[in-house]
Amino acid sequence: MHEEWQTSWKNGDTGRKTYNIMPLVSLRPTNWIREDVIFFSQHGPFPAYFKMFHLSDSDYCSCCGIGTALHYATECIYTVSWHMRKPALNFEQEWLKRVANNLVSRHKIRRIVKSNS
């Protein structure tokens, strides 16, 4: 059953942002809380998410940047006290993995999501 679950997760069409961070299925719980899931899945209070699902006409943050989770974590003027260094475009997935595995970074992420909610 575990192998079937792993194959389904590996070959699935949904959850790819989360899959890129956690490619292996496990019965062990993660230490992720609501804000972690929101940030890493990018399904949350972000203008880019709202626009993607036609819940908003604009994907811009009020600071005029594209309102993605990464924008709030690295460059938005409204979350500057929790900023982390922005990854190079081709290292974004590796950056997300490192942030997900770093408790200090995850605390910053949690504050960003809470401030946006």
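Conventions we followed
Residues numbered from 1 in each chain as written. Predicted model: local features only at pLDDT ≥ 70, side-chain atom pairs only at ≥ 80, totals over all residues. Heavy atoms only, no water. Helix = DSSP H or I, 4+ residues; strand = E, 2+ residues; numbered from the N terminus. Rg over C-alpha atoms; globule rule 2.2 N^0.38 Å. Phe/Tyr/Trp six-rings, centres within 6.5 Å; stacked < 30°, edge-to-face > 60°. Buried < 20%, exposed > 50% of the residue type's maximum accessible area, 1.4 Å probe, protein only. Lys NZ or Arg CZ within 6 Å of the ring centre and 35° of its normal. Patch = residues over 30% accessible without salt bridge, like charges linked within 9 Å, V, L, I, M, F, W, Y side chains within 5 Å. Areas by Shrake-Rupley, 256 points an atom, 1.4 Å probe, with all protein chains shown as cover. Salt bridge = Lys/Arg side-chain N within 4 Å of Asp/Glu carboxyl O. Contact = heavy atoms within 4.5 Å.

Caption draft 1: Looking closely at the overall build of the protein. The number of helices and strands found in the protein is seven helices and zero strands. The order of α-helices and β-strands along the protein, N terminus first, is α-α-α-α-α-α-α. Here the protein has a C-alpha radius of gyration of 15 Å; the compact-globule value for 117 residues is 13 Å, and the two agree. Seen through its C-alpha atoms, the protein measures out along the principal axes to roughly 45 × 35 × 25 Å.

Caption draft 2: Examining the packing of aromatic side chains more closely. Summed over the entire model, instances satisfying the criterion amount to six aromatic pairs. Aromatic side chains F46 and Y72 sit 5.9 Å apart centroid to centroid with 35 degrees between the ring planes, which places their arrangement in the tilted category. With F46 in the loop between α3 (34–41) and α4 (47–52) and Y72 in helix α5 (residues 69–74), this residue pair connects regions lying 26 residues apart in the sequence. According to the relative accessible area criterion, F46 is buried, its value standing at 1%. The structure contains a cluster of three or more aromatic residues connected by ring pairs, namely W32, F39 and F40. Sitting above the plane of the W9 ring, R16 keeps its charged end 5.0 Å from the centroid.

Caption draft 3: Quick peek at a nonpolar patch on the surface. Residues F50, M52, F53 and L55 make up a contiguous nonpolar surface patch of about 410 Å² in total accessible area. Within the secondary structure, M52 is located in helix α4.

Caption draft 4: Representation of the pattern of salt bridges in the model. Taken as a whole and judged by the stated rule, the model has five salt bridges. Linked by salt bridges that have partners in common, D36, R106 and R110 make up one network.

Caption draft 5: Expanded view of the environment of K51. Within the secondary structure layout, K51 lies in helix α4. Overall, the relative accessible area of 35% leaves K51 in the partly exposed class. For K51 and G67, which are 16 residues apart along the polypeptide, the C-alpha to C-alpha distance reads 9.8 Å. Those residues within four positions of K51 in sequence are excluded, and the remaining contacts are S56, D57, S58 and D59.

Nothing here speaks to function; it is geometry throughout.
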